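Tertiary structure, described
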Amino acid sequence: MKKQTLLDYIAVHSWVGIVCGLFLFIAFYAGAFSMLDPAITRWTQASHPQAAVSPDADAALDRFLAEHPDAKGRLSLRLANDQQTAPLLKLSDSQRHESWFELGQDGVLRHLNRAQEADDTGNFVDYLHRKGGLPLPLDWAEPAIGIVSLLYALALVSGVVALLPSLVKDLFHLRLGANFKRMWLDVHNLLGVASLPFHIVIAVSAAVFGLHDWIYAAQDHFIYRDGLRATVARESAPPPTIARADWLKPSELVVKIREQAPHFEPQILDYVGLGGKRTLLFVAGSNETHFKRGAQFGYAFVNLATGEIYDRTYLPGEQRSALGAALSSFFSLHFGSFGNDSVRVLYILLGLSGALIFYTGNILWVESRTKRLRKRPETSALSEQTAQAAQRAWHVDILSKVTLGVCLGCAAALPATIAVARWLAPWVDDLNGVHQVTFHAVFGACVLVAIRLGNARAAVPLLWLTALCNALVPFTAWAAHFVPAELLLPLRKPYQDGFLMLELLCLFLAVFFGWLAWRFQRVPHPSASPLPISSSLPSDAKPS
């Protein structure tokens, strides 16, 4: 390969990484936490004394329909499972307003005072991941992240091409020593190549998710003569029209679904179009042995009168076409919605390592630009004081500070808002407001401190802050269970699936960031630090 061609690929990789790196850091870091979305939601929800609740889903649905015969919208019946001891009913209208109900053992249908599901902590983490930290509405942020994902794919290709000449020699050669820039470059390359298939899937699928409205609009206009919606409706199985008097009981539907799909375990029965001309039944369920089309569930379209699955397009393991199977695998590989907890742990590690790739990429660019500026003849000819100021261009200096502030700000603010939500949930209804204020306050403070103090002075306090914020999560769980204080009683709740994984994740991150802060404090010179931020100091503070 010609030297100039190689330099062009390196330039493309560097500049695309600089433009997209910080957005991708937040998306990957929040994406690692989003693997625990259901556990995070339950971990932060207020624990209220429960009255005796009936476990009978049939009676709950019958009572709701008897008391609300004119209800319209989407009625979701959430069946009892390991995390939910009794069935719950949620009615969503066309304005996305939600009403929750449960049936007491006395036969009384109770209206529950619960926040909007879109405002819970798990959704906040998911939206942060999907928006890449952009302070924009989701409808605006997703196309922007879709474009960022396309650039991210370009950075992957150019990075692999740039690494090819030294791939065999350098890939597994981690040079640990005084030259931390060299070490971080080796780490950056090793993580990037080792997780390349994962990053390719994430880049392409995120681009499709973010730009799907544009893609569908283009298909509708240029490909399908009758329009995309009409074509899909024509090729799909026609939905049946069933009178309410002919509906099967939920328990009967579950039995018939299990007979037709033994590995599919129904979790939610969605009565869509309730109160309209036609009510359809969508069944969301889990199947850990096959890829799923959704982030958590696969779906079956079921006849309300017979229990027959009349459309298996989204049923895990039942795709009849290569395109359907490919789409399901794409969704599952992006969401990590297959296998057991070992897959979720793997995706958490891949998400965190991906965030580290983007952080080290920015820092390596800053270090390279600074080194290049020092070697310029016009800089070396200046006086010592002027040369120190000229060692770094203003845009390089700002990017260095913003990189530290944004990355540590995200790493601190995310666990902080989770812990604060757990503490305030028993007394505050608007958890989304808590998340918005807490996250952006901590995040913004970290960025301002990094810009105001510079990397060398800001690194240690920001690292300790990040370690403290992560430690708040396991500390809150420990305090709620073991501190005999009446004030902490509302925080106590029985352990559920995923709680321990969340607390261990935050404990690991607290120890990691605490170690970095301790290590950086002990070194005599920043160039020997575990963080590649030595060029933030003036030259007389560095070893010759």
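Throughout what follows, the structure given in this document is the object of discussion. Treat the numbers as computed from the prediction; the structure is a model and nothing was measured. (Residues numbered from 1 in each chain as written. Predicted model: local features only at pLDDT ≥ 70, side-chain atom pairs only at ≥ 80, totals over all residues. Heavy atoms only, no water.)

**Description of the overall build of the chain**
Convention followed: Strands here mean DSSP runs of E at least two residues long; helices mean DSSP runs of H or I at least four residues long; both are numbered from the N terminus. Burial classes: relative accessible area under 20% of the type maximum marks a residue as buried, over 50% as exposed, and values in between as partly exposed (1.4 Å probe, protein chains only). In what follows, residue pairs with any heavy atoms lying within 4.5 Å of each other are defined as contacts. Methods summary: accessible areas were calculated by the Shrake-Rupley approach with a probe of 1.4 Å, and residue burial reflects only the protein chains presented.
Along the chain, the regular secondary structure elements total 19 helices and 8 strands. Within the chain, the fraction of its 544 residues that count as buried is 49%. A separation of at least 24 residues holds for 67% of the contacts in the chain among residues at least 6 apart in sequence. Only carbon and sulfur atoms are counted for the fraction: they give 62% of the accessible area of the chain, which is about 27,200 Å².

**Some details on the nonpolar core**
The line we're drawing: Residues belong to a common nonpolar core when they are buried Ala, Val, Leu, Ile, Met, Phe, Trp, Tyr or Cys residues joined through side-chain atoms within 4.5 Å.
Core analysis: the biggest nonpolar cluster contains 75 residues, and F25, Y29, F33 and F513 have the highest contact counts within it. With 13 residues, helix α16 (residues 394-424) is the largest single contributor of residues to this core. For F513, the residues in contact, after removing those within four places along its chain, are Y29, L408, A411, L463, T466, A467 and N470. Residues L75, I242, L269 and V283 belong to the second largest nonpolar core, which totals 32 residues.

**Digging into the environment of V366**
By the element assignment, V366 lies in helix α13 (residues 341-374). Measuring from C-alpha to C-alpha, the distance between V366 and D397 comes to 7.9 Å, with 31 residues separating the pair along the chain.

**Quick word on the sheet that holds strand β7 (residues 298-302)**
Paired through their backbone hydrogen bonds, the strands of a sheet run either parallel or antiparallel. The criterion, for reference: What makes two strands pair is DSSP finding at least two bridges between them. Interaxial angles span 0 to 180 degrees and are taken between N-to-C directions of axes, which are lines fitted to C-alpha atoms, for helices over the stretch in contact.
An order of β4-β3-β2-β1-β5-β6-β7-β8 is seen for the 8 strands of this open sheet, with the pairing classed as antiparallel. Unpaired on one side and paired on the other, β4 (109-112) and β8 (309-311) mark the two borders of the sheet. The sheet shows a mean angle of 30 degrees between the axes of neighbouring strands, taken without regard to direction. Across 4 bridges, the pairing between strand β2 (residues 88-92) and strand β3 (residues 98-103) is antiparallel. Paired with K90 across the strands is W100, a residue of β3. Along the sheet, helix α11 (residues 250-260) makes contact with β1 (73-78), β5 (265-274), β6 (280-286), β7 and β8, crossing β5 at roughly 120 degrees.

**Comments concerning the packing of aromatic side chains**
Defined as follows: Side-chain rings of Phe, Tyr and Trp, where Trp is taken by its six-membered ring, are said to pair if the distance between their centres is within 6.5 Å; with planes under 30 degrees apart they count as stacked, over 60 as edge-to-face, and otherwise as tilted. Put simply, a charge is over a ring when the Lys NZ or the Arg CZ is close to the ring centre, within 6 Å, and near the line of the ring normal, within 35 degrees.
Scanning the model with the defined rule gives 23 aromatic pairs in all. Ring centres of F291 and F338 lie 5.2 Å apart, and the angle between their planes is 75 degrees; this geometry places the pair in the edge-to-face category. Of this pair, F291 sits in the loop between β6 and β7 while F338 sits in the loop between α12 (322-335) and α13; the two residues are 47 residues apart in sequence, bridging distant segments of the chain. Taken together, the ring pairs in this structure connect F28, Y152, F198, F291, F338, Y347 and F358 into an aromatic cluster. Residue placement shows R422 over the ring face of W43; its charged tip is 4.5 Å from the ring centre.

**Thoughts on the pattern of salt bridges**
As a reminder of what qualifies: One speaks of a salt bridge when a side-chain nitrogen belonging to Lys or Arg is within 4 Å of a carboxyl oxygen belonging to Asp or Glu.
Under the defined criterion, the tally for this structure stands at 11 salt bridges. For E67, the salt bridge is made with R63, and the minimal N-O distance between the two is 4.0 Å. Here R63 and E67 lie together in helix α3 (residues 57-67), a separation of 4 residues that amounts to about one turn. Exposure remark for E67: the relative accessible area of 41% places this residue in the partly exposed category. As a salt-bridge pair, K401 and D397 come within 3.0 Å of each other at their nearest N and O atoms. Placement of the pair is K401 and D397 together in helix α16, with a separation of 4 residues, close to one helical turn. Among the residues examined, K401 registers a relative accessible area of 16% and is labelled buried. The network of salt bridges with common partners includes D126, R130 and E142.

**Considerations on helix α18 (residues 455-482)**
In an α-helix, one full turn covers 3.6 residues, which means residues spaced three or four apart are oriented alike. Heads up, the rule is: To estimate the expected span of a helix, count its residues, drop one, and scale the result by 1.5 Å. To obtain the bend at a residue, axes are fitted to the seven residues ending there and to the seven starting there, and the angle between these axes is taken.
Compared with the 40 Å implied by 1.5 Å per residue over 28 residues, the 39 Å span of α18 between its first and last C-alpha is a close match. The largest bend along α18 reaches roughly 30 degrees and is located at L472, with the proline P474 sitting one to four residues downstream.

**Notes on a nonpolar patch on the surface**
Convention followed: Within this analysis, patches are made of residues with over 30% relative accessible area and no salt bridge. Like charges are joined at 9 Å or less; nonpolar side chains (Val, Leu, Ile, Met, Phe, Trp, Tyr) at 5 Å or less.
Taken together, the side chains of V12, V19, I147, L151, L154 and W214 make up a nonpolar region of the molecular surface, amounting to roughly 510 Å² of accessible area. Top element by residues in the nonpolar patch is helix α5 (residues 138-163). It accounts for 3 residues. Structurally, L154 can be placed in helix α5. Take L154: its relative accessible area is 40%, and that puts it in the partly exposed class.

**Some words on the pairing of β1**
Judged from the 6 bridges that link them, β1 and β5 form a sheet pairing that is antiparallel. The residue bridging R78 from the neighbouring strand is I268, located in β5. Where β1 lies against β2, 5 bridges are found, and the strand directions are antiparallel. Of the residues in β2, the one forming a bridge with L75 is L91.

This is a description of form; function is not addressed.
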